[in-house]
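# Reading the structure
Letter by letter, the chains look like this.
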Amino acid sequence: MLRHTIAGLLWAGIAAAAGPPAAEVTAELRYLQHSGWLVKTASHVLVFDYVEAMPGGTALSAAAALKPEDLDGRSAVVFVSHGHVDHYSPAIAEWARRQPTIRYVVGWPDSHLPEAHVMKPRETWSPGDLVVTTTGSTDEGVGFLVSVDGLILYHAGDHARWSDQDAEAFEAEIRWLEGRTSTIDLAFFPIATGAACDPRPSIWQGVRFAALELKPRVLIPMHVQCLDKLDLYERFRSAMGTELGPTAVVAPTVVGERFHYEGDHLTRVGVARTGEDYDEPPKIVKHTTPVYPPKSFLVSRLRVVKSIPGLDEATLKCVAQWRFIPAKKAGLPVESIASAPVTFRITKKKP
Ligand SMILES: [Zn+2]
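Residues numbered from 1 in each chain as written. Predicted model: local features only at pLDDT ≥ 70, side-chain atom pairs only at ≥ 80, totals over all residues.

### Topic: helix H4 (residues 231-240)
Here is the rule: Partly exposed residues are those falling between the two cut-offs: more than 12 but fewer than 20 other C-beta atoms within 10 Å of their own, whereas 20 or more means buried and 12 or fewer means exposed, with C-beta atoms placed from the backbone. The way it works is that DSSP assigns letters per residue, a run of H or I at least four long becomes a helix, a run of E at least two long becomes a strand, and they are numbered from the N terminus. Each C-beta atom gives one direction from the helix axis, and the arc is the one those directions make.
Regarding H4, the residues found buried are Tyr233, Phe236, Arg237 and Met240. Buried positions in H4, seen along its axis, are confined to an arc of 95° and lie on one side of it. Gly241 lies just past H4 and shows a positive phi near 50°.

### Some remarks on the sheet that holds strand S10 (residues 143-148)
Selection criterion: Two strands make a pair as long as DSSP finds a minimum of two bridges between them.
Taken together, the seven strands give an open sheet; going across it, the order is S8-S9-S10-S11-S12-S13-S14, and neighbouring strands pair in mixed fashion. Both outer strands of the open sheet, strand S8 (124-125) and strand S14 (248-249), are each paired with one neighbouring strand and no more. Relative to S10, strand S9 (residues 130-135) runs antiparallel, the two sharing six bridges. Within S10, the residue paired with Thr134 across the bridge is Phe144.

### As for the nonpolar core
Put simply, the rule reads: Linking buried Ala, Val, Leu, Ile, Met, Phe, Trp, Tyr and Cys residues through C-beta atoms within 7 Å yields a set, and such a set is a nonpolar core.
Among the nonpolar cores identified, the biggest contains 74 residues, and Leu46, Val78, Phe79, Leu186, Phe188 and Phe189 are the most heavily contacted of them. Element by element, the count of residues in this core is highest for helix H3 (residues 201-214), at six residues. If you look at the next biggest cluster of nonpolar residues, it comprises nine residues, including Leu298, Val299, Val319 and Ala338.

### Observations regarding the packing of helix H2 (residues 167-178) against H3
As a reminder of what qualifies: The axes are straight lines fitted to the C-alpha atoms, using for helices just the contacting stretch, and the angles between their N-to-C directions are given from 0 to 180°. The cut-offs work like this: below 35 degrees is roughly parallel, past 145 is roughly antiparallel, 65 to 115 is roughly perpendicular, and the gaps in between are oblique. The handedness criterion is simple: a crossing whose near helix is rotated anticlockwise from the far helix by less than a right angle is left-handed, and one whose near helix is rotated clockwise is right-handed. Contact between two residues is assigned whenever their backbone-derived C-beta positions fall within 7 Å. The classification used treats Ala, Val, Leu, Ile, Met, Phe, Trp, Tyr, Cys and Pro as nonpolar, Asp, Glu, Lys and Arg as charged, and all other residues, Gly among them, as polar.
H3 packs onto H2 with a crossing angle of 20° between their chain directions and a minimal axis gap of 10 Å. Accordingly, the angle class assigned to the pair H2 and H3 is roughly parallel. Once H2 is placed against H3, the crossing between them reads as right-handed. Facing Phe170, Glu171, Ile174, Arg175, Leu177 and Glu178 of H2, the residues of H3 in contact are Gly206, Phe209, Ala210, Glu213 and Leu214. Looking at the contact of H2 with H3 residue by residue, the class counts come to six nonpolar, one polar and four charged.

### A closer look at the environment of Ser35
Secondary-structure assignment places Ser35 in the loop between strand S2 (26-31) and strand S3 (37-40). If we skip the residues at most four places from it in the chain, Ser35 touches Phe48, Asp49, His87, Pro190, Met222 and His223.

### Notes on the sheet that holds strand S15 (residues 258-262)
Taking strand neighbours across the sheet as the criterion, the eight strands line up as S7-S6-S5-S4-S3-S2-S15-S16 in an open arrangement whose pairing is mixed. If you trace the sheet from one side to the other, it starts and ends with strand S7 (117-118) and strand S16 (265-268), each paired once.

Fair warning: the whole summary comes from geometry, so function is off the table for now.
Here is the structure:
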């Protein structure tokens with residue numbers, strides 16, 4: 001009998017490396033809402049598609065909304081993929097009053113943002129401290145590939161495989177992008193339609209295609225504007241399972257959520273790593289149970305701790321199908337790292 005141990009990180013996202021990890025790269029991320037993200041690198045703060053109040057929707061809570069101090073101290077670059085109301089608030093022009101060095105990079109010509117740098121699809125802009133390359137979009141505007149402080153990220157804007165008719169145009173941009181970069185740390189893609197928040201299969205099919213082509217270390221789903229449907233992110237992550245190979249999906253759960261990126265891992269801030277960090281340990285749901293309890297999750301990242309050549313792949317495949325109940329702290333689920341010993345019995349084949 002052989003014992004084989006694997007550690008799995010439960011419930012939330014941590015990436016596996018696509019290629020050697022970039023050891024020194026760190027970033028702080030905050031999910032704003034819809035497709036809005038804040039990314040802080042060593043000397044820059046990047047904002048993508050920031051909308052404080054969605055038309056007909058709820059405004060960002062004070063805790064989640066950007067404050068002037070979020071943009072101070074580092075070189076601020078504000079990206080707006082296109083001019084739709086769910087991606088662009090003209091009010092962000094105000095930020096330049098507080099910080100005149102702020103730079104706006106936009107994917108359409110008439111934003112009226114102060115001194116905005118306008119980019120068309122498939123262009124590159126290198127002002128010296130960062131490099132920005134745009135892709136086209138199956139909707140309006142552009143997607144942004146940004147390389148800054150050692151971090152490479154792609155924010156797709158509204159570039160998605162919205163319907164089967166978009167397949168060709170969507171895939172062409174992804175293939176073009178693939179030829180522009182050998183690595184992507186973080187890739188952000190829409191997974192649902194705008195107002196209806198409909199997670200169409202055609203959209204998910206496109207994101208799957210993009211992940212397999214681009215092999216980003218971490219894929220972050222976005223573009224769910226219905227605040228009562230943010231569980232779509234976790235549903236997407238769960239549905240992808242281990243299909244995306246080395247790419248890990250990290251699903252935001254609430255507006256304002258913070259993440260830490262280091263090397264090749266994106267960790268929800270507050271992840272429980274040891275028994276001291278949680279009150280209730282994660283539990284394996286008996287993996288032969290045909291109907292899983294509703295609050296069970298797949299493992300987001302697997303790593304072989306003690307390798308047994310020839311059996312690693314089978315073990316990873318097996319544990320990837322297990323379901324877990326997350327660890328809990330103060331009654332609330334937290335992500336955690338756990339090891340799962342897997343036992344193999346070697347039997348003689350019956351003649
Ligand atoms: Zn949109």
